[in-house]
Amino acid sequence: MCIRDSSRLDLVRHLTGSAVGARNLQRLTDLAVRLLGTDVAQVSLIGEVQTAAVVSGPGAGRPGVELPLAESLCAVAVEAEEPLVVRDAANDHRVADRVPVAAGAIGAYLGVPLDGRQGALCVFGAAPRDWTDRDVAVLQLLAECVAAELRLAEAGAESDAARWRWGLALDAAEIGSFDWDAVGDQLVWDDRLLALYGWDRAVFPGTLSALLERLHPHDVEGVTATISAALVTGEGFDQEHRVQLPGGDVRWVRARGRAVLDDAGTAVRVVGVALDATAQRRAEAPVAEGLESMPAAFLNTTRIMSSNRSRISCSVRNEVSQASWVNSGWRSARKSSSRKARAIW
């Protein structure tokens, strides 16, 4: 196996920050020292160099120390893809030329490569030692635990990175996020959403009442019906509503989200994002008003236009229809879903 494989090196770089000094790994190397009675136990990550992630024992150095691969015994174990059992390092041709052996720091070495090829768990001492099959089996078992801990660290790092990327995307688009626990009525808004609805975090109630208190009176029924429907069906929603701020100003907000179901299929929370749609609404209003004021006879002239003009006219009407859905479609949607809203709210 080539220890300089690019995908493996990327994985090691990804893990190094979270693995160096990790307490869960430290407990495993402490246990290795106690069970095997060695001077040192170490988890080594093998990337462009060897990095000592954690080190235990009376002869241990400090974590984070790097060693060139040409001087690393763990690199030999990882490349061999099997336990490296060295009873007398000075007379073992596989490692005799390595600097720690030539300097007398390592007289005996036992290393087990980690599943996933990130590195190795090893124990060693200054004097030669006759390792037993039991020693090898114990270290293999501990190495499995180390590999499992590293996989958890990798998953955690990926989750942190995903949250960071998500936050950047929201900031770039000026989007706020929400998370409502429907069981305990706990509402979480980020800073952007607090500002959008005119709330100060110090007085934010943290319940659904924070949303309802800021809704325009004419939109309360529609919003509650939408949330109720999401809880009943588990489906997503895309809705616009008006927010009436404490000073009297009104703004439009577009919200998209969906219900999150538990193992039994019951909706337990609603999560999503929202943005300020006021500018878009103001830009679309004159177009909608102008089209609505046109007489039916004028609109019928599109029947005798050329095919290109006809397509353009249809496109305009479609866009205006989408822009003014609150004035028509939302009213009918509210009427059809209000019964469900009353059943839940």
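Chains are numbered independently. Their residues run from 1 in the order of the written sequence. The predicted origin of the model limits local features to residues at a pLDDT of at least 70 and limits the giving and counting of side-chain atom pairs to 80 or more, whereas totals for whole chains, interfaces and linings rest on all residues. Processing note: side-chain calculations cover all non-hydrogen atoms of the structure and skip hydrogens and water entirely.

Visitor: How should the overall build of the protein be read in this particular structure?
Guide: Note on conventions: DSSP H or I runs of at least 4 residues are helices, E runs of at least 2 residues are strands, and numbering of each starts at the N terminus. A tally of helices and strands in the protein yields twelve helices and eleven strands. For every residue, the accessible area obtained with a 1.4 Å probe (protein chains only) is divided by the maximum for its type, and the residue is called buried under 20%, exposed over 50%, and partly exposed between those limits. When each of the 345 residues of the protein is scored for burial, the buried share is 41%. Contact criterion: two residues are considered in contact whenever any of their non-hydrogen atoms come within 4.5 Å of each other. Across the protein, every contact between residues at least 6 apart in sequence was considered, and the portion connecting residues at least 24 apart equals 54%.

Visitor: Would you explain the environment of A274 in this entry?
Guide: With respect to the helices and strands, the residue A274 is situated in strand β11 (residues 267-276). Considering only alpha carbons, one finds A274 and V253, 21 residues apart in sequence, at a separation of 6.6 Å.

Visitor: Got a minute to help me understand the sheet that holds strand β7 (residues 176-181) in this structure?
Guide: Strand pairing within a sheet occurs via backbone hydrogen bonds; the two strands may be parallel or antiparallel. Reading across the sheet, the five strands line up as β8-β7-β11-β10-β9 and stay open at both edges, with antiparallel pairing between neighbours. Looking at which strands have only one partner, the edges of the open sheet turn out to be β8 (186-189) and β9 (236-244). Averaged over all pairs of adjacent strands, the angle between strand axes in this sheet comes to 25 degrees, irrespective of strand direction. As defined by bridge partners, β9 adjoins strand β10 (residues 250-261) across nine bridges and the pair is classed as antiparallel. Residue pairing across strands places R242 opposite W252, the latter belonging to β10. Note on geometry: axes are lines fitted to C-alpha atoms, helical ones only across the stretch in contact, with angles between N-to-C directions running from 0 to 180 degrees. Sheet contacts for helix α8 (residues 220-233): β7, β9, β10 and β11; angle to β9, the most-contacted strand, approximately 155 degrees. Strands pair, by our definition, only if DSSP identifies at least two bridges between them.

Visitor: Hey, could you run me through the nonpolar core in this one?
Guide: General note: in soluble globular proteins, nonpolar side chains tend to be found buried as a group. Counting residues in hydrophobic clusters, the biggest one holds 28 residues, and the most contacted among them are L121, V123, L139 and V146. Mapped by element, the contributors of at least two residues to this core are α2 (23-36), β1 (40-46), β2 (49-56), β5 (108-113), β6 (119-125) and α5 (133-172). With eight residues, the single largest contributor to this core is α5. Discounting chain neighbours no more than four positions away, the residues touching V123 are A32, L36, T38, V40, A41, A108, Y109, L110, W131 and L139. Ranked by size, the runner-up nonpolar core spans 27 residues in total, among them F178, L194, W199 and A210. Residue types Ala, Val, Leu, Ile, Met, Phe, Trp, Tyr and Cys, when buried and joined through side-chain atoms within 4.5 Å, form a set referred to as a nonpolar core.

Visitor: Looking at this structure, I do not really get the sheet that holds β6. What am I missing?
Guide: Pairing in this open sheet of six strands is antiparallel, and the strands run β3-β2-β1-β6-β5-β4 from one edge to the other. Each edge of the sheet is formed by a strand with only one pairing partner; in this case those strands are β3 (66-68) and β4 (84-86). Sheet twist, expressed as the average angle between the axes of neighbouring strands with direction ignored, equals 25 degrees. Contacts between α2 and the sheet are confined to β1, β2 and β6, with β2 contributing the most and set at about 70 degrees to the helix. Sitting on the sheet, helix α3 (residues 73-80) touches β1, β2, β4, β5 and β6, and the angle it makes with β5 is about 40 degrees.

Visitor: Whenever I open this one, α3 confuses me. Can you help?
Guide: An α-helix turns once every 3.6 residues. As a result, residues three or four positions apart point the same way. In terms of burial, α3 is a largely internal element, six of the eight residues being buried. Turning to α3, its buried residues number three or more, namely L73, C74, A75, V76, A77 and V78. Packed against the buried residues of α3 are β1, β2, β4, α4 (99-102), β5 and β6. By the N-cap criterion, in which a side-chain oxygen at the helix start approaches the backbone nitrogen of a residue two or three places on, α3 is capped by S72, the distance to C74 being 3.3 Å. Just downstream of α3 lies E81, where phi reads positive at about 60 degrees. Between N or O atoms, a polar contact is any pair within 3.5 Å; within protein, one atom must be a potential hydrogen donor and the other a potential acceptor, and residues adjacent in sequence are included only when both atoms are from side chains.

Visitor: Would you mind going over α2 with me for this structure?
Guide: Counted at 1.5 Å a residue, the expected span for α2 with its 14 residues is 20 Å, and the 20 Å between its end C-alpha atoms agrees. Every buried residue of α2 is listed here: L25, L28, T29, A32, V33 and L36. Seen along its axis, α2 keeps its buried residues to an arc of 145 degrees; they face one direction. Opposite its buried face, α2 presents the exposed residues R23 and R34, each directed more than 90 degrees away. G37 lies just past α2 and shows a positive phi near 60 degrees. Helix span, expected: 1.5 Å multiplied by one less than the number of residues in the helix. Comment: arc refers to directions from the helix axis out to C-beta atoms.

Visitor: So what exactly am I meant to see when it comes to the packing of aromatic side chains here?
Guide: Two aromatic rings are characterised by how far apart their centres lie and by the angle between their planes. Two rings belonging to Phe, Tyr or Trp (six-membered ring only in the last case) form a pair when the distance between their centres is within 6.5 Å. Interplanar angles under 30 degrees mark stacking, angles over 60 mark edge-to-face geometry, and anything in between is tilted. Taken as a whole and assessed by the stated rule, the structure comprises three aromatic pairs. On the numbers, 6.1 Å between centres and 75 degrees between planes, the contact of W199 with F204 is edge-to-face. Site record: aromatic cluster; members linked through ring pairs are W189, Y197, W199 and F204. Cation over ring: R214 sits above W199, and NZ or CZ is 3.9 Å from the ring centre. As a reminder, the over-ring test applies to NZ of lysine and CZ of arginine, requiring each to be within 6 Å of the ring centre and within 35 degrees of the ring normal. Positioned above the aromatic ring of W252 is the side chain of R281, whose terminal nitrogen or guanidinium carbon lies 4.0 Å from the ring centre.

Visitor: So what exactly am I meant to see when it comes to the state of the cysteines here?
Guide: Working definition: the covalent bond between the sulfur atoms of two cysteines is a disulfide. Note on terminology: pairs of cysteine sulfur atoms within 2.5 Å are recorded as disulfides. Taken as a whole and judged by the stated rule, the model has zero disulfides. Residue C74 stays outside any disulfide, its sulfur separated by 3.5 Å from that of C122, the closest cysteine. We classify C74 as buried; its relative accessible area is 2%.

Visitor: What exactly am I supposed to notice about empty space enclosed by the protein here?
Guide: It is the rolling of a water-molecule-sized probe over the atoms that shows where space remains empty. Cavity and pocket criteria rest on a 1 Å grid covering protein atoms alone: a 1.4 Å probe that fits but cannot get out defines a cavity, protein on both sides within 12 Å along at least 5 of 7 lines defines an open pocket, and an atom within 4 Å of a point defines a lining residue. Grid points are joined across faces, edges and corners, and a volume is the space filled by probe spheres set on the points. Inspection of the entire model under this criterion finds one cavity of 30 Å³ or more. Considering the residues around the largest cavity, the lining is formed by 17 residues, among which F178, L211, I227, F237 and A255 are closest to the centre. Within the residue set of the lining of the largest cavity, elements represented by two or more residues are β7, β8, α8, β9 and β11. Gly falls in the polar group here, along with every residue not listed as nonpolar (Ala, Val, Leu, Ile, Met, Phe, Trp, Tyr, Cys, Pro) or charged (Asp, Glu, Lys, Arg). Of the residues that constitute the lining of the largest cavity, the class distribution is 14 nonpolar, three polar and no charged.

Visitor: Quick question: what am I supposed to make of the layout of surface pockets here?
Guide: If you add up the space inside the largest pocket, you get close to 420 Å³. Around the largest pocket sit 25 residues that line it, and Q42, Q50, L67, I106 and F124 are the ones nearest its centre. Every element with two or more residues in the lining of the largest pocket is listed here: β1, β2, β3, α3 and β6. For the lining of the largest pocket, the residue count by class is 15 nonpolar, six polar and four charged.

Remember, this is a structural readout, not a statement about activity or role.
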